[in-house]
Amino acid sequence: MAELKEADAAQLHQEDVDNKRGDGGDGPFVAEETLKSESATDDDAKPSITTAERHLSIQTKLEGLEMLVDLSGAGRKSCPLCPEEKFKACYSHKLRRHLQNLHWKVYAEFEGYRMCICHLPCRNVKPSLSGDHASGRHVAHYHCVVCSVTIARKTDMISHLKRHVNKGETEASYSGTSDVLFEEPSPSGQAYEIMKELGTNVQLLPNHTTPQKSDTYFNRKMKPNRQLVFCSLAVLAEERNPVECLDAFGATGIMGLQWAKHLLNAVRVTITDISETCVKMIKENCKLNNIRVDGGMRVPRGSDGPSDEVEGVPIATVEVVKMDANVIMHLRPFDYIHLDPFGTAVNYLDAAFRNVRNLGIISVTSTDTSSLYAKSPNVTLRHYGCHIVRTEYYKELAARMVVATVARAAARCNKGIEVLLAVALEHFVLVVVRVLRGPVQADESAKKLRKLMHCQWCEERVFLKQGNMVDDTLPCNCHGSLPGKTAVQLGPLWSGPLFNTGFLRRMLSAAVKHSMDDIQPLVKTLIYESECNTLKSLVHGPSALTNQVECGVVIKTLNTGEESGAADQSGKRKIADESGNFVKKLKSDAALDHPPFYYSIHRHSIRGMNMPKLNKFLQYLTEAGFRVSRTHFDPTGVRTDATLLQFKSVLAKYSVPTCTNASATQTSVSMEKTV
């Protein structure tokens, strides 16, 4: 029955096109509406699984709008975006001016597409003043290029498009996958949604944004996190080949599929999830991206696996396992482990360090921002064993707290860590560390866990040294000039550096290689922050801090000669001497690390004074002899080795009173009156 209806609709469409060619019709929209109305009856039987076609009013060039009507022919022609009662059929020259002046110039633009104004009866009829729908009129509107919704006002359409951008929904995510069909409906009876990110297609359930209602949770705002993790894995793939990597919480499997699709034979990807629905979804996404699913045991590390090829292009292989993350990390060793649970990851750190290989990398993503950003201090104490309060540098405080928890978990397994990357953004905190095997490295990492003294009045802060007394620790004089206690102890926190410049430079090279334009500005900011300078010429040039250049076994070295050439990846105990030398050299490199924490220029601004621009203020601090850089934690933050008193003195020196301009204008007005 549905086939007969589709055939009738196609016949009506052809007759309408013939009538339009003969004497000018109402445009192709009538046939499209007829086809939609005929096919709407069987929507309940089979859900719509393809993306809606772009509306006629959405064009990229004026020629595309003029091609909707044959303007070269003779005779009167109707406007394809206006009904007959609004704009009557006219000759070609008048219709061309109508399309240019009305539809093409009245538009809302999004990613190169112009959503021209449409007067067709796409929306409900606006009732008249008497409430009669029959005597009402149709409302001019715009068609959204992303979700095809119709909105009357242009300002409302712009706000609607901004909401799409905030959710990570773009036109390319829908139109690029409109030719992919799925016959199997979702468990809820609705169609799968197709999303494309970094050349990888994944199918999503309709409620993928709600973790409580969907096992296959997917967050579009975590795209920077996925790109940073990908770049860190790409750097490790340059050191050893192949890399045994684990995506411990697969969900849709997009992260593991991106690893396998772009790094190919350099990695051996294992995606695991405890949910049966997620495992089925991951296998479907593997088929969607032409990736073979490996359900059997892996071949030994030294031998090469089967290299299947289709039309000359190698097919990547991914192992999909339904297993708890703690269980698989206890059973098998890995070179790279990524932990991204919903919430905190402290329950999986012990298992991650239990079997990770020496000089491997563990990346931890924590999304429990309420406890990390001091909104739930009782949960923070329960999960991380730290006492924190809300400060101006709360994001870096959260990053150091996560690193401290990771360091304690590594020390319990007689392993130390080197922090390669620590990023704290609005929705997550990402920490990437390299694992150093041995009790000596574990002791060195444990020594960097210290308490932090914080003044709640002036926001001054300083790490307590081992065995240091609490009295007279803070450089400020708030405890003497103000009644009561003003300082609190926070922590224990990680007091070492949060970045490795050499690793970040290689991540930037990987981002450029794989065309990740969105993440490159963030990585560049991290490089400036790790070096604590504002010299942009150092980003693409050779590194001046050669001791931070990663080179296999010896991660930090002051010499780039023959010491960095020997790297034995197969042996476990052969590299003990090199690791010991690394710890000794690390002590002499402490002066090259970036200063901890940052100051907000708005927080410490002087009342009644106009503070200088941020870039100018950075220049003033540099001229005063301090190391200075901007920070990704806060757009108004300044990372510097100056104390708070020195910071405020420079800020007060170059601030201008706000009453200068007002007094000058008042004096000029008084002078004019006297004249």
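Residues numbered from 1 in each chain as written. Predicted model: local features only at pLDDT ≥ 70, side-chain atom pairs only at ≥ 80, totals over all residues. Heavy atoms only, no water.

### Comments concerning helix 5 (residues 154–166)
Here is step 1 of the chain: The end-to-end C-alpha distance of helix 5 is 19 Å, a good match for the 18 Å that 13 residues give at a rise of 1.5 Å each.
Here is step 2 of the chain: Every buried residue of helix 5 is listed here: M157, H160, L161 and H164. Mapping the buried residues of helix 5 onto a view down its axis gives an arc of 100°, with all of them on the same face. Pointing more than 90 degrees away from the buried face of helix 5 are the exposed residues K162 and N166.
Here is step 3 of the chain: On the buried face of helix 5, the contacting elements are strand 2 (107–110), strand 3 (113–116), strand 4 (142–143) and strand 5 (150–151).
Here is step 4 of the chain: After helix 5 finishes, the residue G168 shows a positive phi value of roughly 80°. (Helix = DSSP H or I, 4+ residues; strand = E, 2+ residues; numbered from the N terminus. Expected span 1.5 Å × (residues − 1). Buried < 20%, exposed > 50% of the residue type's maximum accessible area, 1.4 Å probe, protein only. Arc of directions from axis to C-beta. Contact = heavy atoms within 4.5 Å.)

### Remarks on the UniProt feature "domain: C2H2-type" (unreviewed entry) in the protein chain
Here is step 1 of the chain: Feature annotation in UniProt assigns "domain: C2H2-type" (unreviewed entry) to the following positions: residues 142–169.
Here is step 2 of the chain: From the first C-alpha to the last, residues 142–169 spans 18 Å; its make-up is 46% helix and 14% strand. (UniProt positions renumbered as here; feature names shortened; annotations may be inferred.)

### Remarks on the nonpolar core
When a protein is soluble and globular, its nonpolar side chains tend to lie buried together.
Here is step 1 of the chain: One finds M329, F353 and I417 to be the most contacted residues of the largest nonpolar core, which totals 111 residues.
Here is step 2 of the chain: It is helix 14 (residues 394–411) that provides the largest number of residues to this core, a total of 11 residues.
Here is step 3 of the chain: If we skip the residues at most four places from it in the chain, M329 touches L246, I337, L339, Y348, A351, A352 and N355. (Core = buried A, V, L, I, M, F, W, Y, C linked by side-chain atoms within 4.5 Å.)

### Observations regarding the pattern of salt bridges
Here is step 1 of the chain: Across all of its chains, the model carries 17 salt bridges by this definition.
Here is step 2 of the chain: Residues D335 and R240 are paired through a salt bridge, measuring 2.9 Å at the closest nitrogen-oxygen approach. Remark: R240 occurs in the loop between helix 7 (223–239) and strand 8 (243–247) and D335 occurs in strand 14 (residues 334–339); sequence separation between them is 95 residues. Side by side, D335 and R240 carry an identical accessibility label, which is buried.
Here is step 3 of the chain: Of the charged contacts in the structure, one is a salt bridge between D335 and R357, with a shortest N-O distance of 3.3 Å. Remark: R357 occurs in strand 15 (residues 356–366) and D335 occurs in strand 14; sequence separation between them is 22 residues. (Salt bridge = Lys/Arg side-chain N within 4 Å of Asp/Glu carboxyl O.)

### What about the sheet that holds strand 24 (residues 637–640)?
Here is step 1 of the chain: What the three strands build is an open sheet, ordered 21-24-23; its pairing is antiparallel. Of all the strands in the sheet, just strand 21 (599–600) and strand 23 (628–630) have a single pairing partner and so form its edges.
Here is step 2 of the chain: Bridge count for strand 23 against strand 24 is three bridges, and the pairing is antiparallel. Opposite V628, over in strand 24, you have T640 as the bridge partner.
Here is step 3 of the chain: This element, helix 20 (residues 614–623), spans strand 23 and strand 24 of the sheet and lies at about 160° to strand 23. (Pairing = 2+ DSSP bridges. Axes fitted to C-alpha atoms, helices over the stretch in contact; angles between N-to-C directions.)

### Considerations on the confidence of the model for the protein chain
Here is step 1 of the chain: The share of residues in the protein chain with pLDDT of 70 or more is 69%, and the mean pLDDT across the chain is 77.
Here is step 2 of the chain: The secondary structure element of the protein chain with the lowest average pLDDT is helix 2 (residues 29–39), at 39, and the one with the highest is strand 17 (residues 429–437), at 97.
Here is step 3 of the chain: Note on residues 1–6: pLDDT under 50 across the span, and four contacts to partners over four residues away in sequence or across chains.
Here is step 4 of the chain: In the predicted structure, residues 172–190 sits below a pLDDT of 50 and forms 38 contacts with residues beyond four places in sequence or in another chain. (pLDDT = per-residue confidence, 0-100.)

### With respect to the packing of aromatic side chains
Here is step 1 of the chain: Taken as a whole and assessed by the stated rule, the structure comprises nine aromatic pairs.
Here is step 2 of the chain: For the pair Y393 and F597, a centre-to-centre distance of 4.6 Å together with 55° between the ring planes defines the contact as tilted. In this pair, Y393 is assigned in the loop between helix 13 (377–384) and helix 14 and F597 in the loop between helix 19 (576–588) and strand 21, connecting sequence segments 204 residues apart. Exposure class is identical for Y393 and F597. Each is buried.
Here is step 3 of the chain: Taken together, the aromatic side chains of Y393, F463 and F597 make up a single cluster linked through ring pairs. (Phe/Tyr/Trp six-rings, centres within 6.5 Å; stacked < 30°, edge-to-face > 60°.)

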